[in-house]
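Summary of structural features
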Amino acid sequence: MKLSLSILNADLACPLAVIQGLADLVDYVHFDVMDGHFVPNLTFGPLLPNALREKIALPFDIHLMVDRPALYAPRFAVRPGDVITFHVEALDPPDAGIEAVRKLGCRVGLSLRPRTPLSLLAPYLDQIDWVLVMSVEPGFGGQSFLPESLERIAQLRRMIGDRPIQIAVDGGLGPENVAEVLRAGAEVIVAGAAIFRAKNPREAALNLWKAAGLPRT
Ligand code: DX5
Ligand code: ZN
């Protein structure tokens, strides 16, 4: 398991302190970029991750929930190990998004809403590094995991075959479901509410590792 920390529900008055306080327990920092069109919510654009980029050693996992990923991806200051993910349902054709992200020298991810057929990914599987399976409707943190996501993860695993693509899962993940999500074929667990809505976020992150059968001390 790799754990990606979604800061959407964190106290963003001091984002650097929030991330540094959990940095030894996570593998990525997940940024939910929302434009108010692709999803009915507005968050932040490149300003926040760009301001943090040089101060944090962990790779960034940037999740674009925007209509125009090809237009906005070039505004993100990324490193080679970072991932920029955008949605197949966006207005820009996936080819244009893939090209825009590739030009930045980082990894390319594609995501899809819970009801979007997985077959829409098929034409792009040889061009991407990462698939982000949404296990809630994108837009808000703290929603409940959709159980049908398990079968989608397993099906995607079969579609991917031996291609070097990582499967990340996003939405409603917590100690009660990480083990089955990993068993279905996911490698990267995105977690926000399970960590930031807990009284003790460090303890909550440790619980995720424990639930995955990979206890940390
Ligand atoms: C939802 C976002 C998620 C969310 C994580 O649109 O993409 O990253 O913050 O979900 P929770 O908060 O359920 O872990
Ligand atoms: Zn996300």
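Before any of the text, the structure's been laid out above.
Scoring rules and cut-offs
The written sequence of each chain sets the order in which its residues are numbered from 1. Just so you know, chain letters begin at A and ligand numbers begin at 1, following the order they were written in. Thresholds applied to this predicted model are a pLDDT of at least 70 for local features of residues and 80 or more for the giving and counting of side-chain atom pairs; totals over whole chains, interfaces and linings are not thresholded and use all residues. Excluding hydrogens and water, the side-chain figures rest on all heavy atoms present in the structure. Numbering of helices and strands runs from the N terminus, with a helix taken as a DSSP run of H or I at least four residues long and a strand as a DSSP run of E at least two residues long. When a residue's accessible area, from a 1.4 Å probe over protein chains only, is under 20% of the maximum for its type it is buried; when over 50% it is exposed; and in between it is partly exposed. For this analysis, residues touch if any pair of their heavy atoms sits within 4.5 Å. Accessible areas in this description were obtained via Shrake-Rupley with a 1.4 Å probe; residue shielding takes into account the shown protein chains only. Whether a residue is near a molecule or strand depends on its heavy atoms: it is near if one of them lies within 4 Å of it. For the purposes of these results, a polar contact is taken to be a pair of N or O atoms within 3.5 Å, where, inside protein, one atom must be able to donate a hydrogen and its partner to accept one; residues adjacent in sequence count only when each atom of the pair is a side-chain atom. Note on residue categories: nonpolar means Ala, Val, Leu, Ile, Met, Phe, Trp, Tyr, Cys or Pro, charged means Asp, Glu, Lys or Arg, and polar means any other residue, Gly included. What the arc covers is the set of directions going from the helix axis to the C-beta atoms. Strands are labelled as partners when DSSP assigns at least two bridges between them. Helix axes are fitted to C-alpha atoms over the stretch in contact, other axes to C-alpha atoms as well, and angles between N-to-C directions run from 0 to 180 degrees. Coordination shells were defined by N, O and S atoms within 2.8 Å of each metal, extended to 3.2 Å for Na, K and Ca; water is absent from the atom set, which can make sites look incomplete. Here a site with four donors is tetrahedral if all angles are between 85 and 135 degrees, and a site with four or six donors is square planar or octahedral if opposite donors are over 155 degrees apart and the other angles are between 65 and 115; anything else gets the irregular label. What counts as a salt bridge is simple: a side-chain nitrogen of Lys or Arg found within 4 Å of a carboxyl oxygen of Asp or Glu.

When you go through the chain residue by residue, the secondary structure sums to 8 helices and 8 strands. Overall, the C-alpha framework of the chain stretches about 40 × 35 × 30 Å when taken along its three principal axes. For the chain, buried positions account for 53% of its 217 residues. In the chain, 64% of the contacts between residues at least 6 apart in sequence involve partners at least 24 apart. Taken as a whole, the chain presents about 9400 Å² of accessible surface, with 55% of it coming from carbon and sulfur.

Another point: the environment of Ala 205. In this structure, Ala 205 sits in helix α8 (residues 201-211). Judged by its relative accessible area of 0%, Ala 205 is buried. Sequence separation of Ala 205 and Leu 5 is 200 residues, and the distance between their C-alpha atoms is 9.2 Å. Look past the residues within four positions of Ala 205 in its chain and what remains in contact with it is Leu 22, Leu 25 and Ile 195.

Around ligand 1 lies a shell of 20 residues, among which Asp 32, Gly 139, Asp 170, Gly 172 and Gly 192 are the nearest. In this structure, Gly 142 approaches ligand 1 through a main-chain N or O atom, which is 3.0 Å from an oxygen atom. Across the complex, the protein chains shield 100% of the 380 Å² of accessible surface that ligand 1 would expose by itself. With 3 residues, the single largest contributor to the shell around ligand 1 is strand β2 (residues 28-34). Split into classes, the residues belonging to the shell around ligand 1 amount to 8 nonpolar, 10 polar and 2 charged.

Taken residue by residue, helix α4 (residues 94-103) has Pro 94, Gly 97, Ile 98, Ala 100 and Val 101 as its buried positions. End-on, the buried residues of α4 take up no more than an arc of 165 degrees, which puts them together on one face. Tucked inside the fold, the buried residues of α4 contact α3 (69-72), β4 (83-87) and β5 (107-112). Two residues or fewer past α4, Gly 105 is found with a positive phi of approximately 80 degrees.

Strand order around the closed barrel formed by 8 strands is β1-β2-β3-β4-β5-β6-β7-β8, with parallel pairing between neighbours. Taken pair by pair, the neighbouring strands of this sheet meet at an average axis angle of 25 degrees, ignoring direction.

In this section: the coordination of the zinc ion (ligand 2). Protein-derived coordination of the zinc ion (ligand 2) comes from His 30 (NE2), Asp 32 (OD), His 63 (ND1) and Asp 170 (OD), at a distance range of 2.0 to 2.3 Å. Viewed at the metal, the 6 donor atoms of the zinc ion (ligand 2) are separated by angles of 72 to 167 degrees, and the geometry they form is octahedral. All donor residues of the zinc ion (ligand 2) come from one chain, and their arrangement in sequence is H-x1-D-x30-H-x106-D. One end of the pair, Asp 32, is in strand β2; the other, His 63, is in strand β3 (residues 60-65), and 31 residues separate them in sequence. Both residues of the pair, Asp 32 and His 63, count as buried.

Counted by the stated rule, this structure contains 11 salt bridges. Between Glu 137 and Arg 113 there is a salt bridge whose closest N-O contact spans 3.4 Å. Here the residue Glu 137 occupies a position in the loop between β6 (130-134) and α5 (149-160), and Arg 113 occupies one in the loop between β5 and β6, the gap between them amounting to 24 residues. Its relative accessible area of 27% is what places Glu 137 among the partly exposed residues. Arg 157 is paired through a salt bridge with Glu 187; the nearest N and O atoms lie 3.7 Å apart. With Arg 157 in helix α5 and Glu 187 in the loop between α6 (178-184) and β8 (188-191), this residue pair connects regions lying 30 residues apart in the sequence. Look at Arg 157 and you get partly exposed, because its relative accessible area is 25%. Residues joined by salt bridges that share partners form a network here, namely Arg 113, Arg 115 and Glu 137.

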